[in-house]
Amino acid sequence: MRIINLIVVHCSATRRNCTLSPEDLDRLHRRRGFNGTGYHYYIRKDGTVYLTRPLERIGAHAKGFNDHSISICYEGGLDCRGRPADTRTPAQRAALRKLVGQLQEKFPGCRVCGHRDLSPDLNGNGEIEPEEWVKSCPCFEVAKEFKELEEFAIKTTNTEVRRVKQHIKEQKGGK
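Values in this document were obtained by computation on a predicted structure and should not be read as measured data.

J.: Would you mind showing me how to read the sheet that holds strand β4 (residues 49-51) here?
T.: Strand pairing in a sheet relies on backbone hydrogen bonds, with the paired strands running either antiparallel or parallel. In spatial order, the strands read β4-β3-β5-β1-β7; together these five strands make up an open sheet with mixed pairing. Looking at strand neighbours, the two that pair on one side only are β4 and β7 (111-114), the edges of this open sheet. Pairwise comparison of adjacent strand axes, ignoring direction, gives a mean angle of 20 degrees for this sheet. For strand β1 (residues 6-11) and β7, the ladder comprises four bridges, and the chain directions are parallel. Bridge assignment links Leu 6 to a residue of β7, and that residue is Arg 111.

J.: What exactly am I supposed to notice about the environment of His 61 here?
T.: Within the secondary structure layout, His 61 lies in the loop between β4 and β5 (69-74). Using a relative accessible area of 9% as the deciding quantity, one classes His 61 as buried. Each C-alpha atom of the pair His 61 and Val 9 lies 9.6 Å from the other, and the pair is 52 residues apart in sequence. Those residues in contact with His 61 that lie beyond four places of it in its chain are Val 8, His 10, Gly 38, Tyr 39, Asn 66, Ser 69, Ile 70, Ser 71 and His 115.

J.: Honestly, the nonpolar core in this entry has me stumped. Any pointers?
T.: For soluble globular proteins, the rule of thumb is that nonpolar side chains tend to be buried together. Core analysis: the largest hydrophobic core is formed by 23 residues, its most contacted members being Ile 72, Leu 96 and Leu 103. Counting only elements with at least two residues in this core, the list comes to β1, β3 (41-43), β5, α2 (90-106) and α3 (142-171). Of all the elements, α2 adds the most residues to this core, at five residues. Setting aside its immediate chain neighbours within four residues, Leu 103 contacts Ile 7, Tyr 41, Ile 70 and Ile 72.

J.: Which parts of the structure should I look at to understand the pattern of salt bridges?
T.: Oppositely charged side chains are able to pair whenever their charged atoms sit close together. Under the criterion given, the structure shown has seven salt bridges. Ionic pairing is found between Asp 24 and Arg 27, a salt bridge with its closest N-O pair at 2.4 Å. In this pair, Asp 24 and Arg 27 both sit in helix α1 (residues 22-31), three residues apart, roughly one turn of the helix. A relative accessible area of 26% means that Asp 24 is categorised as partly exposed.

J.: Even after reading the chapter, I still don't get unusual backbone geometry, so can you show me in this structure?
T.: Leaving glycine out, the prevailing phi sign among residues is negative, and the prevailing peptide bond configuration is trans. Of note, the amide linkage connecting Cys 137 to Pro 138 takes the cis form, showing an omega dihedral of 15 degrees. Within the fold, Pro 138 resides in the loop between β7 and α3. Backbone geometry places Ala 13, a non-glycine residue, at a positive phi of 60 degrees. Looking at the secondary structure, you find Ala 13 in the loop between β1 and β2 (14-15). With phi around 75 degrees, Cys 139 is a residue other than glycine that occupies positive phi space. With respect to the helices, strands and loops of the structure, Cys 139 is situated in the loop between β7 and α3.

Calculation notes
- Sequence order as written defines residue numbering, which begins from 1 separately in each chain.
- Restriction of local features to residues with pLDDT of at least 70 applies here, the model being predicted, together with a cutoff of 80 or more for giving and counting side-chain atom pairs; totals for whole chains, interfaces and linings are based on all residues.
- With hydrogens and water set aside, each side-chain value is computed from the structure's full complement of heavy atoms.
- Two strands are said to pair when DSSP picks up at least two bridges between them.
- In this text, helices come from DSSP runs of H or I with a minimum length of four residues, and strands from runs of E with a minimum of two, each type numbered from the N-terminal end.
- Lines fitted to C-alpha atoms define the axes, with helix axes restricted to the stretch in contact, and inter-axis angles between N-to-C directions lie between 0 and 180 degrees.
- Type-normalised accessible area, obtained with a 1.4 Å probe on protein chains alone, sets the label of each residue: buried when under 20%, exposed when over 50%, and partly exposed for intermediate values.
- Whether two residues touch is decided by their heavy atoms; if any such pair falls within 4.5 Å, the residues are in contact.
- Among the buried residues, those of types Ala, Val, Leu, Ile, Met, Phe, Trp, Tyr and Cys that are joined through side-chain atoms within 4.5 Å form a nonpolar core.
- Salt bridges are defined by distance alone: a side-chain nitrogen of Lys or Arg within 4 Å of a carboxyl oxygen of Asp or Glu.

Below, the structure written as structure tokens:
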């Protein structure tokens with residue numbers, strides 16, 4: 001299995017009043033030259049989660065970050081007029097939260113971010129600001145929304161590391 005240290009959230013850039021099936025998403029990505037959907041997971045408006053690319057396969061979703069990341073895309077991201085907006089339904093929010101939690105359990109210590117958070121830091125201040133975003137995707141503040149899940153995952157990982165070190169020490173006769 002690949003080493004995973006990043007979960008990247010995307011939107012499909014679909015208008016609120018339109019739909020995009022997993023099959024349509026696959027066709028769009030193939031037209032762009034990908035060998036199938038570039039995202040690992042796709043979340044429909046009704047909250048249904050689809051595995052659209054095996055986790056063992058490197059994604060095609062965030063250039064320069066694909067090797068060690070897993071991608072999740074939700075259907076939506078544009079208002080009815082085509083402007084960037086957080087269009088997630090309550091079902092999508094719940095499904096995304098559950099999926100991120102499951103992935104952080106499977107891959108402890110993963111950072112969670114939005115696609116736009118991987119834009120270059122043009123002014124070099126260590127923070128990716130709205131004027132530096134290459135695109136608005138996923139149209140909401142991912143880090144803020146998942147901060148407590150990430151903190152829990154890090155704390156759990158640190159606790160496990162301490163337990164393993166203590167166990168090894170005890171096996172060697174130490175206290």
